[in-house]
Amino acid sequence: MAMGDYESTATSLEGEENLIAAAEHIVKALGSNKNFTKDVKKILADLGSQLSTMATIEDNMVEGKKSGIEEQLSVVEEKIMSWESDDSMIWDSGPDEVAEYLNAVDGARKLTERLENQCLSSQEEKDLLCRAHDVLQMAMQRLEDEFKHVLVHHRQPFEPEPISFRSSEDDAVEEGSIVSLGDESVEESTLRDSISRNSEEFIVDLVHPDVISDLKCIANLMFSSNYDHECRQAYILVRKDALDECLFNLEIEKLSIEDVLKMEWGTLNSKIKRWVRAMKVFVRPYLVSEKWLCDQTFAELGSSNLVCFVEAAKAPMLQLLNFAEAISIGSHQPERLVRILDMYEVLADLLLDINGLFSDEAGSSIRIEYQEVLKRLADTVRVTFLEFENAIATRVSTSPFAGGGVHHLTRYVMNYIRVLADYNETLNLLLKNHDGAAATSLSPDTSPATGEESITKDFSDSCSPMALHLQSLTSVLEANLDKKSKLYRDASLQHFFLMNNIHYMAQKVKNSELRLIFKDKWIRKHNWKFQQHAMSYERATWSSILSLLKDDSNSSSGSTSRTVLRERLRSFYVAFDEVYKTQTAWIIRDVQLREDLRISTSLKVIQAYRTFVGRQMQHIGEKHIRYSAEELQDYLLDLFEGSQKSLHNPNRR
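Residues numbered from 1 in each chain as written. Predicted model: local features only at pLDDT ≥ 70, side-chain atom pairs only at ≥ 80, totals over all residues. Heavy atoms only, no water.

1. Section: the overall build of the protein
Next, step 1: When its secondary structure is counted, the protein shows 23 helices and two strands.
Next, step 2: Going through the 653 residues of the protein one by one, you find that 47% of them count as buried.
Next, step 3: Across the protein, the fraction of contacts at a sequence separation of at least 24, relative to all contacts at a separation of at least 6, is 80%.
Next, step 4: Accessible area of the protein: about 32,200 Å², with a carbon and sulfur share of 50%. (Helix = DSSP H or I, 4+ residues; strand = E, 2+ residues; numbered from the N terminus. Buried < 20%, exposed > 50% of the residue type's maximum accessible area, 1.4 Å probe, protein only. Contact = heavy atoms within 4.5 Å. Areas by Shrake-Rupley, 256 points an atom, 1.4 Å probe, with all protein chains shown as cover.)

2. Digging into unusual backbone geometry
Next, step 1: Phi at Asn226 is positive, roughly 65°, even though this residue is not glycine.
Next, step 2: Secondary-structure assignment places Asn226 in the loop between helix H6 (212-224) and helix H7 (228-249).

3. Thoughts on helix H14 (residues 408-420)
Next, step 1: Between its first and last C-alpha atoms H14 spans 18 Å; for 13 residues at 1.5 Å apiece the expected length is 18 Å, and the two agree.
Next, step 2: Burial of H14 is extensive: 13 of the 13 residues sit out of reach of the surface. (Expected span 1.5 Å × (residues − 1).)

4. Focus: the nonpolar core
Next, step 1: Ranked by internal contacts, the top residues of the largest apolar core, which has 173 residues, are Trp275, Met317, Phe572 and Tyr609.
Next, step 2: The element that contributes the greatest number of residues to this core is helix H9 (residues 265-297), accounting for 14 residues.
Next, step 3: If near-sequence neighbours (up to four positions away) are discounted, Phe572 is found in contact with Ile545, Leu546, Leu548, Leu549, Val605, Tyr609 and Leu632. (Core = buried A, V, L, I, M, F, W, Y, C linked by side-chain atoms within 4.5 Å.)

5. Focus: the confidence of the model for the protein
Next, step 1: Predicted confidence across the protein gives a mean pLDDT of 80, with 75% of residues reaching 70 or more.
Next, step 2: Within the model, pLDDT remains below 50 along residues 435-461, and this stretch shows 35 contacts once partners closer than five positions in the same chain are excluded. (pLDDT = per-residue confidence, 0-100.)

6. Comments concerning the packing of aromatic side chains
Next, step 1: Overall, the coordinates contain 25 aromatic pairs when judged by the stated rule.
Next, step 2: For the pair Tyr573 and Tyr627, a centre-to-centre distance of 5.4 Å together with 90° between the ring planes defines the contact as edge-to-face. Of this pair, Tyr573 sits in helix H21 (residues 559-583) while Tyr627 sits in the loop between helix H22 (591-620) and helix H23 (629-636); the two residues are 54 residues apart in sequence, bridging distant segments of the chain.
Next, step 3: Put simply, the rings of Trp542, Phe572, Tyr573, Phe576, Tyr580, Tyr609, Tyr627 and Tyr635 pair up and form one aromatic cluster. (Phe/Tyr/Trp six-rings, centres within 6.5 Å; stacked < 30°, edge-to-face > 60°.)

7. Structural notes on H22
Three or four residues apart is the spacing at which side chains of an α-helix point the same way, because the helix has 3.6 residues per turn.
Next, step 1: The sharpest bend along H22 measures roughly 40° and falls at Gly614.
Next, step 2: Where H22 begins, the capping side chain belongs to Asp590, and its oxygen is found 3.2 Å from the backbone nitrogen of Gln592.
Next, step 3: Where H22 terminates, the next one or two residues include Gly621, which has phi positive at roughly 95°. (Bend = angle between axes of the 7 residues up to and from the residue. Polar contact = N/O pair within 3.5 Å; in protein donor to acceptor, adjacent residues only side chain to side chain.)

8. A look at the side chain of Thr584
Next, step 1: Topologically, Thr584 is positioned in the loop between H21 and H22.
Next, step 2: Its relative accessible area of 0% is what places Thr584 among the buried residues.
Next, step 3: Within the local environment of Thr584, its side chain forms a polar contact with the backbone oxygen of Tyr580, the two atoms lying 2.8 Å apart.
Next, step 4: Within polar-contact distance, the side chain of Thr584 engages the backbone oxygen of Lys581 at 3.4 Å.
Next, step 5: When near neighbours in sequence (up to four residues on either side) are disregarded, Thr584 contacts Val579, Asp638, Leu639, Phe640, Glu641, Gly642, Ser643, Gln644 and Lys645.

9. Things to note about the pattern of salt bridges
For side chains bearing opposite charge, pairing can occur when the charged atoms are close.
Next, step 1: The final tally for this structure, using the stated rule, is 33 salt bridges.
Next, step 2: A salt bridge links Lys486 to Asp482; the nearest nitrogen and oxygen atoms lie 3.1 Å apart.
Next, step 3: One salt bridge connects Arg515 with Asp520, and the closest N-O pair in it is separated by 2.9 Å.
Next, step 4: For Asp520, a relative accessible area of 35% puts it in the partly exposed group.
Next, step 5: When salt bridges that share partners are traced, they join Asp106, Arg109, Lys110 and Glu113 into one network. (Salt bridge = Lys/Arg side-chain N within 4 Å of Asp/Glu carboxyl O.)

10. Examining the packing of helix H13 (residues 364-394) against helix H15 (residues 424-431)
Next, step 1: Interhelical geometry of H13 versus H15 gives an angle of 90° and a closest axis separation of 10 Å. With respect to each other, H13 and H15 are oriented roughly perpendicular. Here H13 contributes Ala378, Val381, Arg382 and Phe385 to the contact with H15, which in turn contributes Leu427, Leu430 and Leu431.
Next, step 2: Residue composition of the contact of H13 with H15, grouped by class: six nonpolar, no polar and one charged. (Axes fitted to C-alpha atoms, helices over the stretch in contact; angles between N-to-C directions. Parallel < 35°, antiparallel > 145°, perpendicular 65-115°, else oblique. Nonpolar A, V, L, I, M, F, W, Y, C, P; charged D, E, K, R; others polar.)

11. Re the side chain of Arg284
Next, step 1: Here Arg284 is to be found in helix H9.
Next, step 2: A distance of 2.6 Å separates polar atoms of two side chains, one belonging to Arg284 and the other to Asp353.

12. Thoughts on the environment of Ile272
Next, step 1: One can find Ile272 in helix H9.
Next, step 2: When the C-alpha positions of Ile272 and Arg336 are compared, they lie 9.9 Å apart, and in sequence the two are 64 residues distant.
Next, step 3: In contact with Ile272, other than residues within four places in its own chain, are Trp265, Phe323, Ile327, Arg339 and Met343.

13. Topic: the packing of helix H19 (residues 491-510) against helix H20 (residues 514-546)
Next, step 1: One way to put it is that H19 packs onto H20 with a least axis distance of 8 Å and a crossing angle of 160°. In this view, H19 runs roughly antiparallel relative to H20, as classed from their interaxial angle. Where H19 crosses over H20, the handedness of that crossing is left-handed.
Next, step 2: Grouping the amino acids of the contact of H19 with H20 by side-chain chemistry returns 16 nonpolar, eight polar and four charged. (Left-handed = near helix turned anticlockwise from the far one by under 90°.)

If you want it as structure tokens, here you go:
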């Protein structure tokens, strides 16, 4: 019997049952009246006879109905069973076979419902219902396998668009790389790979679009057959595997919090970079596309789309968030600050996406955990920033820095600050409730001993929170440098060291985006500072030496005067020789600063030497003139190269 024939027979049976019920009602109503005419009595007799005949027919129809259901069940059972011994997949056998199988399954569902709605009294009827259930269950198990097959075998490769990164590697790093603020023997490098905020949200097809209707059809049939739980679990299992594979392809490992906390910084640094990249790709576009696929598959089935998406995405999302949580409770070493900022920024950037993807009650746990991790990272940024300031203040040196050049600490801090400028907006947001820290973080004994006003008076009310904190950092750095300068016994080298370092700080700010944060007033002040140290260096180095060449009114006559003049000139040569030997080992790496200081020194020294020799030549005698002014000027050009030389070395060049 075909499905159409069965439905027609069932409809006919229902109509006849209704007719019999109506006839019985009429007979009872008429039978209560005893005053009928002969014609009426004859009609009633005929009607009674017909009702008796119809009752017999009804019994026969019931038997026929049972026989029809059993026959129809046999038809759908045969179709469903035909695939149980076949290892191939129905959905690989063409649309006609798929349609026939779905019709058979739907027939089994309707037969089961019909039998469940009847009052079954005989064991035969109960056995028939049990048989129908078995056939339907068999079909549902097959559909579950087919559902997984379609999801798995029609997956499309996920190839995300290339992600753009900002990097300050080229302009913020000068030489080498810094490992730790605690090691002054290494040089600086703070890299930044920040995810681009301009990538557009888009949806990619995670499975082939042609099979979406098949997935929807299977899901609808399983749900209508009360196998919704099995359908959801099948979907969640397959898509969770796909999400896990996505993380694997993005090089995200499954790590416990303990694993992360034990990790060396070099390894952890690389993993954070991968995490930042992966987070952006995973949420946008992968999870967005995953949500779209889920919505398409379960579009007509209430909130199942939300439940399935959340259950599939929960474990991978928590894996990502657990890594971020581990970073937030880990070390607050300064070199981690930039990486933590990267993590905070990508989470903050994706917050609206997460709230949209997990907007319902089912996703509330992920939303809450995400926001908690974001908050913990924000707290970690603030703490690490303040720890950075403390680390600068407490970094003690026990020996003077060779050559009086730019200290490693100065390079590290200024390059670090320069990188932090890229995070201006984020740091202003995170530090806005902590803008008093810059004014209070320095204890009295850490302030530079320069007689300047307190730090708080240097800060303008219009300064941003970040500007206040960065200015505080540079003040702490200056205080530390001032202490380091005291390690030199030579006063001229103390000023030389401070000149070098403050000039470096001023140039870093002036020639970078830091200028917009520190403002011109700060630059002018520090230009004045290093110039003052340059002048102090010149006085400490040359004042006593040049005093030997001062004009003396009593030096123009007498043999004793000639002896004094010659002795003064000889002392000048000795002192010049000593300065040359010492200060050729001192170093100024900045070409312009080196030239400026050489010119300034040369103008004072050569002018004094020319004047002295020109006036006293006849009293001193030419044989006592060891160098011409031009030779001394050339010698002065050897200063500050960082390579010690001697005037007595014929190969000094």
